[in-house]
Amino acid sequence: MATADLSTAQASGPVDGVPTLDIDPFDEAFLSDPYGWHDQLRDAGPVVWLNRYGIYAAARYAEVSAALNDWQNFVSGRGVGLSDFARETPWRPPSLLLEADPPLHSRTRRIMAGIVSLPRLKALAPLWREKAVELVEELLPRGRFDAITDLAEIFPLRIFPDAVGLGPDAGEHLLAYAAATFNAFGPRNAIFEDSNARAQEAIAWVNEACRRENLREEGWGMDVYRAADAGQCTADEAHRLVRSLLSAGVDTTVNGIGNMIHAFALHPDQWTLLREAPALHRKAFEEALRWDSTVQTFFRTTGAPVELGGTVLPEGVKILLFLAAANRDPRRWEEPERFDINRQTSGHVGFGFGIHQCLGQMVARLEAEVMLEALMPRIARFRLAGAPVRRLNNTLHALGSLPVEIEAVEIETAEG
Ligand code: OVM
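Conventions used here
Residues numbered from 1 in each chain as written. Predicted model: local features only at pLDDT ≥ 70, side-chain atom pairs only at ≥ 80, totals over all residues. Heavy atoms only, no water. Buried < 20%, exposed > 50% of the residue type's maximum accessible area, 1.4 Å probe, protein only. Helix = DSSP H or I, 4+ residues; strand = E, 2+ residues; numbered from the N terminus. Arc of directions from axis to C-beta. Contact = heavy atoms within 4.5 Å. Salt bridge = Lys/Arg side-chain N within 4 Å of Asp/Glu carboxyl O. Pairing = 2+ DSSP bridges. Axes fitted to C-alpha atoms, helices over the stretch in contact; angles between N-to-C directions.

(A) Here's a closer look at helix α11 (residues 200–209). All buried positions along α11 are accounted for by A202, W205, V206 and A209. All buried residues of α11 project into a common sector of 100 degrees when viewed along the axis, lining one side. Taken together, the buried residues of α11 touch α9 (171–183) and α13 (235–248).

(B) Spatial organisation of the pattern of salt bridges. Per the counting criterion, the structure on display carries 33 salt bridges. R120 is the salt-bridge partner of D223, the closest N and O atoms lying 2.1 Å from each other. Of this pair, D223 sits in helix α12 (residues 220–229) while R120 sits in helix α6 (residues 118–139), and the two are 103 residues apart along the sequence. Look at D223 and you get buried, because its relative accessible area is 16%. R120 gets classed as partly exposed once you look at its relative accessible area, which sits at 26%. In this structure, R211 engages E208 in a salt bridge whose closest nitrogen and oxygen atoms are separated by 3.9 Å. Through salt bridges with shared partners, one network takes in R78, D84, R87 and E315.

(C) Layout of the sheet that holds strand β5 (residues 144–146). The strand order across the open sheet built from 3 strands is β5-β13-β10, with neighbouring strands paired in antiparallel fashion. The sheet is open, and its two borders are formed by β5 and β10 (379–384), each paired with just one other strand. Averaged over all pairs of adjacent strands, the angle between their axes in this sheet comes to 35 degrees, without regard to strand direction. As defined by bridge partners, β10 adjoins strand β13 (residues 403–408) across 5 bridges and the pair is classed as antiparallel. From the neighbouring strand, I379 faces β13, where its bridge partner is A408.

Given below as structure tokens:
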């Protein structure tokens with residue numbers, strides 16, 4: 001099996017002085033409640049060795065951010081999952097953004113940054129605002145709904161595929177594809193195998209959807225092909241770059257919004273505070289990302305011997321970076337377990353850090369912003385109406401269901 005091969009292909013043990021742990025960060029117990037395990041990882045040392053996979057790991061803010069910021073030594077081109085592309089065949093042809101290093105990454109990143117740009121988003125904002133209000137008005141009369149399946153999964157799917165220029169019926173395929181993609185960064189465990197088996201049709205659909213002839217003229221996808229026309233990349237690269245939009249743009253924002261609503265349902269005082277000071281809504285989303293990071297982990301591979309947290313790591317080893325644990329590291333954050341929308345959140349690594357920091361962060365922020373703007377004036381309170389159900393994923397902290405009961409705000413009619 002892949003995991004067994006990996007642990008023998010890797011260095012057989014850690015360099016001297018590195019604490020070793022038997023924790024499996026991809027087993028169901030860990031993934032069901034990662035925050036319950038992070039203290040052990042952080043407290044064991046700045047860099048630890050995980051026996052289960054024969055890899056290094058870091059869960060403290062200082063080392064996670066240092067590694068993310070050092071792209072020369074902590075490379076992405078050998079994959080940002082457990083699998084080392086120098087030794088194993090990748091699950092899919094590597095991303096030209098996520099799984100690439102400079103100079104290739106510099107070129108592809110520049111192309112995409114010009115497309116998923118602030119002016120383009122500003123032009124889309126009025127439509128997205130309208131769609132957010134429309135969805136909230138549909139949900140309000142129900143009193144009870146599922147904040148994941150009726151809202152967090154629905155809203156991005158009503159706006160994002162359209163912005164990319166995909167045809168209709170993208171929704172289910174995109175969700176299935178993204179789940180498998182993010183699971184593939186972990187080991188080939190049952191969680192991966194299950195989602196991979198379910199995603200076969202979605203994979204074929206995505207590969208078709210990324211072709212030039214299947215993209216609408218006015219979407220971001222066609223812009224990538226225009227960059228190819230302009231000589232900035234090849235047509236094959238354009239296909240792969242459009243694939244990045246579909247891979248990274250859906251399950252991330254679905255759970256970014258879902259986890260944020262979950263946070264507010266668990267902290268009604270913070271929702272009240274937000275409604276009293278709606279200008280805090282952008283901060284609130286950042287705090288939600290810090291407090292419950294959608295992307296929990298990414299790997300890097302050492303490209304040369306490199307020092308991290310007082311240990312010199314050898315060349316060619318995998319290191320698992322716990323972004324979500326760094327975001328709750330008491331060495332960096334005051335009362336990190338508190339969800340506090342007034343907190344100074346800058347420096348959180350929920351969008352990563354360094355040259356690979358989330359390309360779509362402005363898209364994610366705009367989606368969350370318009371959703372909060374639609375919810376704030378209309379919902380006085382969220383209450384859990386049942387136990388939230390986790391959807392286990394090797395990379396994402398995801399919910400499958402979040403039943404909520406809401407208290408609607410009566411709309412004031414004009415006086416006179
Ligand atoms: C990509 C890609 C896929 C998954 C995640 C991601 C968080 C990027 O294909 O480029 O970024």
